[in-house]
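The chain contents come next:
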Amino acid sequence: MPSFDIVSEVDKTEVKNAVEQTNKEVSTRFDFKGSDARVEQAELVLTVFADNEFQLGQVQDILNGKLSKRGVDIRCLDISDKIEKVSGNKVKRSCTVKVGVEIELAKKIVKLIKESKLKVQASIQGDTVRTTGKNRDDLQEAIAFIKKSITDFPLQYQNFRD
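Residues numbered from 1 in each chain as written. Predicted model: local features only at pLDDT ≥ 70, side-chain atom pairs only at ≥ 80, totals over all residues. Heavy atoms only, no water.

Q: Quick question: what am I supposed to make of unusual backbone geometry here?
A: The phi angle of most residues is negative, glycine excepted, and most peptide bonds adopt the trans form. Look at Glu43: it is not a glycine, yet its phi comes out positive at around 55 degrees. Summarising the element assignment, Glu43 is placed in the loop between β2 (38-42) and β3 (45-50). (Helix = DSSP H or I, 4+ residues; strand = E, 2+ residues; numbered from the N terminus.)

Q: Which parts of the structure should I look at to understand the pattern of salt bridges?
A: For the coordinates displayed, the defined rule picks out 11 salt bridges. Taking the shortest distance from any N to any O, the salt bridge between Arg130 and Asp5 comes out at 2.4 Å. Linking Arg130 in strand β8 (residues 128-133) with Asp5 in strand β1 (residues 3-7), this pair joins segments that are 125 residues apart in sequence. Between Lys92 and Glu84 there is a salt bridge; the shortest N-O distance is 3.9 Å. Overall, Lys92 belongs to the partly exposed group, its relative accessible area being 25%. (Salt bridge = Lys/Arg side-chain N within 4 Å of Asp/Glu carboxyl O. Buried < 20%, exposed > 50% of the residue type's maximum accessible area, 1.4 Å probe, protein only.)

Q: Before we go on, may I ask you to explain the packing of aromatic side chains in this structure?
A: Think of a pair of aromatic rings as described by two things: how far the centres are apart, and how the planes are tilted against each other in angle. Scanning all chains against the criterion turns up one aromatic pair. Centroid distance Phe4 to Tyr157: 6.1 Å. Interplanar angle 65 degrees. Geometry classified as edge-to-face. Taken as a pair, Phe4 in strand β1 and Tyr157 in strand β9 (residues 156-161) lie far apart in primary sequence, 153 residues in all. Over the face of the ring belonging to Phe49 we find Arg38, whose NZ or CZ atom lies 4.1 Å from the ring centre. (Phe/Tyr/Trp six-rings, centres within 6.5 Å; stacked < 30°, edge-to-face > 60°. Lys NZ or Arg CZ within 6 Å of the ring centre and 35° of its normal.)

Q: Teacher, can you tell me more about the pairing of β3 here?
A: One face of the sheet, then the other: side chains in a regular strand alternate in exactly this way. Most of β3 is tucked away: five of the six residues are buried. When β2 meets β3, the two strands line up antiparallel, connected through five bridges. Its bridge partner being in β3, Glu40 is matched across the sheet by Thr47. Taken together, the six bridges between β3 and strand β6 (residues 91-97) define a ladder with antiparallel strand orientation. Among the inter-strand pairings, Thr47 is bridged to a residue of β6, identified as Ser94. (Pairing = 2+ DSSP bridges.)

Q: Please clarify how the side chain of Asp138 should be interpreted in this entry.
A: Along the chain, the position of Asp138 falls in helix α4 (residues 136-149). For the buried Asp138, which has no salt bridge, the nearest side chain bearing the opposite charge is Lys119, at an N-O separation of 5.9 Å. Other than its neighbours up to four places away in sequence, Asp138 contacts Lys119 and Val120. (Lys, Arg positive; Asp, Glu negative; His and termini not counted. Contact = heavy atoms within 4.5 Å.)

Rendered as structure tokens:
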């Protein structure tokens, strides 16, 4: 029986390269001269440091640009609204790179597929959603339907088997 998996993955090396490019650009820009603006990465948690909130926004914009140029969808970033004060007048903000389909989104996808009356079945398997059907055309219709329905989170369709 043909099947495919709905996943949400991010290339970690591209994220690392984007962080390095951001730090390089910040260190060479004149408006950041003498400041402590930078981005640090710990696995999938990015921390943006700056001297004030304006510079924090500038560094975040540079990071978003570098991520999108490297093919990382910035919709997978969970940018914290909370800006923390660090020593003196310096500030920081954390950003989490979301990987995997969260349970709420997976349930929403399964519900959408069931309500669509397509001839496919969807099941949640960890942080992926496995979709099976009788023929390839039904699965392709399901992919098109989900692409049209879910636009607020980046999804990939992998492991397509006949």
